[in-house]
Amino acid sequence: MAFVVTEKCIKCKYTDCVEVCPVDCFHEGPNFLVINPEECIDCNLCVDHCPVEAIYSEDDLPDEQHEFLEINRRLSKKWPIINEKKDAPNDADEWAKKDNKKELLEE
Ligand code: SF4
Ligand code: SF4
């Protein structure tokens, strides 16, 4: 099992989650973060730190977010590790309220 970042994070990227991860398994892309499932130790710490509730355990993933399992696995091999919080984009609060953002994911 691993934890998975889902659609809510797209264009939000508050990065609160990365500071609590004990094994640095978050990776950052242009407008989204993913978790490396090979490194995640299922500690659950990041879940409560995400202000938009974007992080789920693999076992609790809503059906419509299931494709993010593969997206996290694939993009964590490509994107660099992020382990320090940074400023969110100026329009993050606006995007945090929106759903159906999958097509906006930049790889
Ligand atoms: S705290 Fe949540 S929304 Fe922000 S970067 Fe982490 S997973 Fe994405
Ligand atoms: S569950 Fe723990 S190890 Fe996995 S991404 Fe979250 S903080 Fe990191």
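In the block above lies the structure referred to throughout.
Residues numbered from 1 in each chain as written. Chains lettered and ligands numbered in written order. Predicted model: local features only at pLDDT ≥ 70, side-chain atom pairs only at ≥ 80, totals over all residues. Heavy atoms only, no water.

## Considering the pattern of salt bridges
Here's step 1: Summed over all chains, the structure comprises seven salt bridges.
Here's step 2: Here Lys86 ties to Glu28 by a salt bridge, and the two come within 3.0 Å at their closest N and O atoms. One end of the pair, Lys86, is in the loop between α1 (67-76) and α2 (92-96); the other, Glu28, is in strand β2 (residues 26-28), with 58 residues separating them in the sequence.
Here's step 3: Classification of Glu28 by relative accessible area gives buried; the value is 15%. (Salt bridge = Lys/Arg side-chain N within 4 Å of Asp/Glu carboxyl O. Helix = DSSP H or I, 4+ residues; strand = E, 2+ residues; numbered from the N terminus. Buried < 20%, exposed > 50% of the residue type's maximum accessible area, 1.4 Å probe, protein only.)

## Section: empty space enclosed by the protein
Here's step 1: Applying the stated criterion across every chain, the model contains two cavities of 30 Å³ or more.
Here's step 2: By volume, the largest cavity amounts to about 90 Å³.
Here's step 3: Among the residues forming the lining of the largest cavity, the class breakdown is ten nonpolar, one polar and two charged.
Here's step 4: Approximately 80 Å³ is the volume attributed to the second largest cavity.
Here's step 5: Taken together, Phe3, Cys21, Val23, Cys25, Phe26, Ile35, Cys40, Ile41, Asp42, Cys43, Asn44 and Cys46 make up the full set of residues lining the second largest cavity.
Here's step 6: Within the lining of the second largest cavity, the residues separate by chemical class into ten nonpolar, one polar and one charged. (1 Å grid on protein atoms, 1.4 Å probe; cavity = no way out; pocket = protein on both sides within 12 Å on 5 of 7 lines; lining within 4 Å. Points joined across faces, edges and corners; volume = space filled by probe spheres on them. Nonpolar A, V, L, I, M, F, W, Y, C, P; charged D, E, K, R; others polar.)

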